[in-house]
Amino acid sequence: MSDEQVRAIDVVCNLFTPEVVQSRPAWTRSFHKGKVKGEDRVLNGLTVEQHIELLDEAGIERALLIAPKMGRPGLPDSWHMDPRHVADAVQAHPDRFSGLIGLDPYAGMAGVRELERWVREYGFVGAHLYPHWFELPPDHARYYPLYAKCAELGVPIQMQVGHCLRYSENNPLPSVGRPILLDTIACHFPELVIIGIHIGWPWTEEMIAVSYKHPNVYIGVDAYAPKHWDPKLVHYINTFGQDKVLFGTDFPVIPHKRARTEIRELGLRPEAERKLLRENALRVYDLPR
């Protein structure tokens, strides 16, 4: 099956409508413009319809939109996106978008109830977590009520693992998300589906080891251009790990079309490529075909 025939699913995607862009802290634009080299046409804000045009151009049939929580409210540079932005996009285009609710470990049981509400009432298909923004490693006890609720609801949780970039010069954050920490969580919650996103770099081989060990742990291959992926990751995708990897971009970090082009240039086996781009996401997130 050729690249053009595979309709992909992007499991890590940010909504960048003008309303969302306006609500973001000022540092996010300088980060996406400077570190990520983002395009002005995206960073200034895309309508949902314009975003769909980019998806169509790249052959992506569905994107999982994050409603992220970045840091505790009131702390410098923190930001919680209003999940209604994602809910509105999903409601308008249910065949193109699904929602992921961000998690805040400091929200206590209110956060657990919020998670349940967005899944049960609004149809969000999973949860999303940035451990470094809360300066707590992902195996910290504060997260456990949220993990338990995800397991109870039967929805996956994706979380950034690997190092943490320097987002804001005023508030650099420690890299608390070594992939090996997912090993403990997977042992404690065998029913919880865990996706380590951002490939775990620079500890990608560690991420491979944890996903290979646990049937409930997967790798999200987003946020890093495919042409720069570790050869061990490419081998894992192409061979014994082909059922454990999910395509993502962390758009706008990696443009959709660039990701598709560079994955095609990896020369993956057709079955492995199809699983990476589509089939694994359908199964893990129980998405409609």
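Just so it is clear, the structure is predicted and the values come from calculations on it, not from any experiment. (Residues numbered from 1 in each chain as written. Predicted model: local features only at pLDDT ≥ 70, side-chain atom pairs only at ≥ 80, totals over all residues. Heavy atoms only, no water.)

**Here's the deal with the pairing of strand β9 (residues 217-221)**
Each regular strand shows side chains that alternate between the opposite faces of the sheet. Judged by how many residues are buried, β9 sits mostly within the fold: 5 of 5 residues are covered. Neither face of β9 is exposed, since Val217, Ile219 and Val221 on one face and Tyr218 and Gly220 on the opposite face are all buried. Relative to β9, strand β8 (residues 194-197) runs parallel, the two being bridged by 3 bridges. Directly across from isoleucine 195, in β9, lies its bridge partner tyrosine 218. After leaving β8, the chain enters helix α9 (residues 204-213) and then returns to the sheet as β9, a path that is right-handed. Two elements, β9 and strand β10 (residues 245-247), share 3 bridges in a ladder whose sense is parallel. (Buried < 20%, exposed > 50% of the residue type's maximum accessible area, 1.4 Å probe, protein only. Helix = DSSP H or I, 4+ residues; strand = E, 2+ residues; numbered from the N terminus. Pairing = 2+ DSSP bridges. Right-handed = clockwise from strand over helix to strand, strands pointing away.)

**What about the side chain of histidine 198?**
Within the fold, histidine 198 resides in the loop between β8 and α9. Contact partners of histidine 198, with chain neighbours within four places excluded, come to Gln160, Val161, Gly220, Asp222, Ala223, Tyr224 and Asp250. (Contact = heavy atoms within 4.5 Å.)

**Topic: the environment of tryptophan 133**
For tryptophan 133, the position within the fold is in the loop between β6 (126-129) and α7 (144-153). Tryptophan 133 sits 55 residues away from serine 78 along the chain, and the two C-alpha atoms are 8.0 Å apart. Not counting chain neighbours up to four residues away, the residues in contact with tryptophan 133 comprise Trp27, Met70, Gly71, Asp77, Ser78, Tyr167, Asn171 and Leu173.

**Examining the packing of aromatic side chains**
For the coordinates displayed, the defined rule picks out 15 aromatic pairs. Relative to phenylalanine 189, the ring of tyrosine 147 lies with its centre 6.0 Å away and its plane at 80 degrees, an arrangement referred to as edge-to-face. Of this pair, tyrosine 147 sits in helix α7 while phenylalanine 189 is found in the loop between α8 (181-188) and β8, placing the two residues 42 residues apart along the sequence. Neither tyrosine 147 nor phenylalanine 189 differs from the other in exposure class; each is buried. Here the aromatic rings of tyrosine 212 and phenylalanine 240 are separated by 5.3 Å at their centres, their planes lie at 85 degrees, and the arrangement is edge-to-face. (Phe/Tyr/Trp six-rings, centres within 6.5 Å; stacked < 30°, edge-to-face > 60°.)

**As for empty space enclosed by the protein**
Tallied over the entire structure, the rule returns 1 cavity of 30 Å³ or more. Here the largest cavity is characterised by a volume of approximately 30 Å³. As for the largest cavity, its lining consists of Val221, Tyr224, Pro226, Trp229, Phe247, Gly248, Thr249, Ile254, Ala259 and Ile263. Residues belonging to the lining of the largest cavity are distributed by class as follows: 8 nonpolar, 2 polar and no charged. (1 Å grid on protein atoms, 1.4 Å probe; cavity = no way out; pocket = protein on both sides within 12 Å on 5 of 7 lines; lining within 4 Å. Points joined across faces, edges and corners; volume = space filled by probe spheres on them. Nonpolar A, V, L, I, M, F, W, Y, C, P; charged D, E, K, R; others polar.)

**Some points on helix α12 (residues 270-284)**
Between its terminal C-alpha atoms α12 stretches 20 Å, which fits the 21 Å expected from 15 residues at 1.5 Å a residue. Where α12 bends most, at leucine 276, the angle is about 55 degrees. Every buried residue of α12 is accounted for by Ala272, Glu273, Lys275, Leu276, Leu277, Arg278, Asn280, Ala281, Leu282 and Val284. Aspartate 286 occupies a position one or two residues after α12 and carries a positive phi of about 50 degrees. (Expected span 1.5 Å × (residues − 1). Bend = angle between axes of the 7 residues up to and from the residue.)

**Brief notes about the nonpolar core**
If you look at the biggest cluster of nonpolar residues, it comprises 85 residues, and the most contacted ones within it are Phe97, Leu115, Tyr147, Ile157 and Ile194. When sequence neighbours within four positions are dropped, the list of residues in contact with isoleucine 194 reads Ile157, Met159, Leu182, Ile185, Ala186, Asn216, Val217 and Tyr218. Val11, Ile66, Ala281 and Tyr285 belong to the second largest nonpolar core, which has 16 residues in total. (Core = buried A, V, L, I, M, F, W, Y, C linked by side-chain atoms within 4.5 Å.)

**So, the packing of α9 against helix α10 (residues 231-238)**
As a packed pair, α9 and α10 sit with axes 9 Å apart at the nearest point and diverge in direction by 25 degrees. Taken together, the axes of α9 and α10 lie roughly parallel to each other. Taken as a pair, α9 and α10 cross one another with a handedness that is left-handed. Contacts between α9 and α10 involve Thr204, Glu205, Ile208, Ser211 and Tyr212 from the first element and Lys232, Leu233 and Tyr236 from the second. Split into classes, the residues belonging to the contact of α9 with α10 amount to 4 nonpolar, 2 polar and 2 charged. (Axes fitted to C-alpha atoms, helices over the stretch in contact; angles between N-to-C directions. Parallel < 35°, antiparallel > 145°, perpendicular 65-115°, else oblique. Left-handed = near helix turned anticlockwise from the far one by under 90°.)

**Concerning the layout of surface pockets**
Counted as a void, the largest pocket has a volume near 790 Å³. When residues of the lining of the largest pocket are traced back to their parent elements, those giving at least two are α2 (26-35), α3 (40-43), α4 (48-58) and α11 (256-264). Considering every element that reaches the lining of the largest pocket, the biggest residue donor is α2, with 5 residues. Residue composition of the lining of the largest pocket, by class: 21 nonpolar, 9 polar and 9 charged.

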